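Reading the structure
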Amino acid sequence: PLVSDATFITQKARWKLTDDAHASGKTVRVHLIRSLKVMHSDAALQQQLAKLHEEGRRETAARLAQLQAQATKARPVSNGATKPRAVSLVTAGTAVDEALQAQVAHLTSRVRSLEKENQELRGVGAETVGSQVLRERVAELESQLARVDGDNERLAGKATNSAAASKELDHVLAKLQRAESDTARLTQELSSLQRASEDSHAALESSKLETSKVQALAESLQRELDARSDQGSSLQQEISKLSRDLSELQQEKLALQGQVKSLERDLTMSKQDLAAAQATVARSTKLQSVLQTSIQTLHAHAKAIRSTQAGIRSHCQTQVRSITDDFIPLRERLLGVVSDHNELNRRYVELFEERKKLHNLVLELKGNIRVFARCRPMKDHEKKDEPKGEKTISADSQDDTKLGVYSEVDQRRKWFDFDKAFLHGENQQQVFEEVKPLATSVLDGYNVCIFAYGQTGTGKTYTMEGPKEDPGLNTRCLQELFAIKRQRSATAETSVTISVTEIYNETIKDLLDSNKNKKLDVRIEKDGSVGVSNLVERQVDTVEDVQTSMNEASSNRSVAQTDMNEHSSRSHCIVTVKTVVEQKDPKCKYVGKLHLVDLAGSENTNRSGAKGKQMTEASNINKSLAALGDVMMSLQGKSEHVPYRNSKLTMMLKDSLGGDAKTLMIVQISPAQTSCVETLSSLNFASRARNVELGKAKKNVVKG
C-alpha cells in the first residue's frame, strides 16, 4: 500500500467531517464541537422525557375518545316541554365551562413558566435533545386542551336542542370532575417535568466541562489531522511523480518489446535467406560441375568442327572459283532477259491503251452506252459479315475495267467488264476527270445523259450531288462548262439554262418552283426532242447561281429514313442543262442538252423495312426501274417497239436512250456480303445496258 491504514482512516474521517460541515453551513470546528455535545448529553434525561411524552400522549388520546363517545350518545327532545330545564342546563354548562377555562388558563401559565425556564436552557445548549422533547410535550398538551374546549362548545350547542340535556349534563359534569383530577395530575406531571428540567440543567453544566475537554481533544486531533494532511500531500506528490516515472518506464518497455519483435522477425527472415542462399550455392556447385563437363565435351566438338570447316572452306573456294568463271556469260544472258521483259511490258501498256482507244472509238461509232462502276467504302458494322479469306468486291490489278464479286452462298466469284471501275476509294475529282470529256461535249451540240443507278444506300446521290465541301458531278460539270465558256468568250457567246425536276410516285414536280400544285407533263417537241410543259428553266451565269439553284432543289426533294439508308432518296431527280453556243466565225449555232440523273435506289422492302407511305414509294421506284430495264432489253434486242411510255422516267430519257445522244451509266455497288444479291443484280443490269447500241451521236448545229 502507498499509505498506512491509520493515515487512510484519519484522512477519510476528516473528509466526512468536512462534507457534513459544508452541508450544515458551519465551519469544521463548530460542527465537531456540536457533534461531541450531542454524543455526551445526559442519556437518562432523554429516556425520561421520552417516557413522559409517550404516557401523556396515550392518556390524552384515551380521554378525548371517551368524551367524543359520550357526546355522540346525546339525543334531541321537544322544545316546548323542556325549555326551562334546557336554560338551566345551559347556565350550569356555562359555569362549568368558565371553571374549565380557569383551569386551562392556570395550566397555560404554568406551561409558559416552564417554557421560560426551557428558553434559558436553549440559550445555553440549543441543541439538547431533552429540551426539544419538553417543548413538543407542552405543545401537544396545549393542542389537547384546545380540542377539549372545542368539544365543550359543541356539547353546549347540542344541549340547547336536546330534550335529555340534564341527564347528559350530569355525565358531563362527572367527566369534567374527572378532567379536573386529570388536570391536577397533569400539573403534578408538569412539576416533575420542571424538576427533571432542573436536573437536566445540572447535567448540562457537567456536560459543559466534558465539552471543554472534548474541545481540547478535538483541537489536538485537528492539529494531528493537519500534520497528517501535509504528510499526505507530500506523499501524494511523490506518488504522482512515481506514477509518471512508471508510465514512462512502461512506454519504454513497450518500445523495447516492439524492437525485440522486429529484431526477431529480421532474424527469422535472415535465417530463411541464409537457408535459401545455402541451397542456391549447393545447386550452383552442382551445376558448375555439370557445366565444366559439358564445356570439355563442347571443346572437343568445336575442335572437330573447326577441322571440318577447314576442309569445307577449301572445297567451297574451289567451287566458287569454278562458278565465277561460268557466271559472266549467265549474267549477260540474264540482263538480256530483263531488258526483253521491260520492253514487253512497255509494249503491252502501249497496246492496252491503243486497244482501249480503239474500243472507245468502236463504242462511239456504235453509240453504245458507256458504263462506269463505283464501289462505296465499307461501313464498320458490315465488316463482321465478310467471308474469311475472300473480299466480296475485288479488282484486277492489271486492268482497271474489271471487277469480281464473290458470293459466299455460291462459293465462287463472278467477273464483270466495264469501261471503268472505281474500286479503290477514288475521290470525286478522279471520277469527274473520266466523265469530263463526255459532259463538256454538250457545248459542241451533243445531247448527253449521265445517270447513276444502283441499290439504295450505295452512294448515287453522293456521286451526283455530293456534300458542299466535296461536290459531285452536277456541280463539277457546270463549273467546267463555265470555265470553257470563259475560254471561248472571244469567239463565241454561250448561254446556259438549268431546270431541276423530280419524279415522285409517277408524278413530275418542279423543284425550282414554289407552286406545289402546278401540273407538269412530258411532251414530244416538233423536232422529236422531249420536253416538260410549264417547267421553270432558270438562266445561270456563274457558279454561285448554279449552287443556289442546286441547294434550292435539294431542299425540296423527297427523302426518308429506312433500315438500309438514313437519307434514302424517294424519287428520281433530273437536272437538265441546256446550252446554246453562237459561233462568230464561221457563224453557226450549237444547241446541246445535258441530263444529270440521280435515280432512286432499287429497294428490297423486306430488308429496308418500308411500311405505309414508304412502301408505296418503294413500289413506284421499283416499277419505274423495271420499265427502264424493259427499255434496255428492247434496245439491246433492237426491237421495233420500245416501251418508253410505261414510265414517266423512260419518257423523259427517251431522246437520251434512243436518240443520237451520248449516254453514260454509273452503277453504284455496295462492298458488303449482305448486299451480294443486290450487287449482282445491279451489275448484270449494267452489263446488259453496256451492250445497247444507240448509233453514232450527232451534233445539233444550226448554220447561218
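Residues numbered from 1 in each chain as written. Predicted model: local features only at pLDDT ≥ 70, side-chain atom pairs only at ≥ 80, totals over all residues. Heavy atoms only, no water.

This part takes up the nonpolar core. One broad trend across soluble globular proteins is that nonpolar side chains are buried collectively. Formed by 49 residues in total, the largest nonpolar core has its most connected members in Leu403, Phe451, Met632, Leu657, Met665 and Val667. Elements with a contribution of two residues or more to this core: strand E1 (370–375), strand E3 (399–407), strand E6 (447–454), strand E10 (530–532), helix H12 (613–636), helix H13 (648–652), strand E16 (662–669) and helix H15 (676–690). Ignoring any residue separated from it by four or fewer positions in sequence, one finds Leu657 in contact with Phe451, Leu628, Val631, Met632, Leu635, Tyr644, Thr663 and Leu694. Of all hydrophobic cores here, the second largest spans 41 residues; its members include Ile484, Ala492, Leu512 and Val540. (Core = buried A, V, L, I, M, F, W, Y, C linked by side-chain atoms within 4.5 Å. Buried < 20%, exposed > 50% of the residue type's maximum accessible area, 1.4 Å probe, protein only. Helix = DSSP H or I, 4+ residues; strand = E, 2+ residues; numbered from the N terminus. Contact = heavy atoms within 4.5 Å.)

A few words on the pattern of salt bridges. This structure, assessed with the given rule, holds 15 salt bridges. Here Asp419 ties to Arg690 by a salt bridge, and the two come within 3.3 Å at their closest N and O atoms. With a gap of 271 residues between them, Asp419 in the loop between strand E4 (412–417) and strand E5 (420–422) and Arg690 in helix H15 connect regions that are remote in the sequence. Exposure class is identical for Asp419 and Arg690. Each is buried. Where Arg538 meets Glu552, a salt bridge forms, and the shortest distance between an N and an O atom there is 3.1 Å. Separated by 14 residues along the polypeptide, Arg538 in strand E11 (residues 538–539) and Glu552 in helix H10 (residues 543–556) bring together distant segments of the chain. Each of Asp510, Asp513 and Lys518 takes part in a single network of salt bridges with overlapping partners. (Salt bridge = Lys/Arg side-chain N within 4 Å of Asp/Glu carboxyl O.)

What follows is about the packing of helix H9 (residues 473–487) against H10. H10 packs onto H9 with a crossing angle of 155° between their chain directions and a minimal axis gap of 10 Å. Considered as vectors, H9 and H10 are oriented roughly antiparallel to each other. In the packing of H9 onto H10, the handedness of the crossing is right-handed. On H10, the residues touching Asn474, Thr475, Leu478, Gln479 and Phe482 of H9 are Val543, Val546, Gln547 and Met550. (Axes fitted to C-alpha atoms, helices over the stretch in contact; angles between N-to-C directions. Parallel < 35°, antiparallel > 145°, perpendicular 65-115°, else oblique. Left-handed = near helix turned anticlockwise from the far one by under 90°.)

On to the sheet that holds E3, then. If you walk across this open sheet you meet the three strands as E2-E3-E4, and the pairing is antiparallel. Sheet topology places strand E2 (393–396) and E4 at the edges, where each strand pairs with a single neighbour. Between one strand axis and the next, the sheet turns by 30° as a mean value, whatever way the strands run. The pairing of E2 with E3 spans four bridges and is antiparallel. The partner of Ile393 across the bridge, within E3, is Val405. (Pairing = 2+ DSSP bridges.)

On to H10, then. With 14 residues, H10 extends 20 Å between its outermost C-alpha atoms, agreeing within 8% with the 20 Å of an ideal straight helix rising 1.5 Å per residue. Here H10 has its buried residues at Val546, Ser549, Met550 and Ala553. The buried residues of H10 occupy an angular sector of 100° when the element is viewed end-on, so they sit on one face. Of the exposed residues in H10, the ones pointing more than 90 degrees away from its buried face are Glu544 and Ser555. (Expected span 1.5 Å × (residues − 1). Arc of directions from axis to C-beta.)

Turning our eyes to something else, we now look at H12. Over its 24 residues, H12 extends 35 Å from the first C-alpha to the last, a length consistent with the 34 Å expected when each residue adds 1.5 Å. Once H12 ends, the next one or two residues include Lys638, with phi positive near 55°.

Take the environment of Glu544 next. Relative to the assigned elements, Glu544 resides in helix H10. For the pair Glu544 and Gln479, spaced 65 residues apart in the sequence, the C-alpha separation amounts to 9.7 Å.

The next point concerns unusual backbone geometry. Of note in the backbone geometry, Asn534 takes a positive phi value of approximately 60° without being a glycine. For Asn534, the location among the structural elements is in the loop between E10 and E11. Even without a glycine there, the phi angle at Lys638 is positive, about 55°. Mapping Lys638 onto the fold places it in the loop between H12 and H13. Residue classification places Lys638 among the exposed residues on the basis of a relative accessible area of 61%.

Nothing here speaks to function; it is all geometry.
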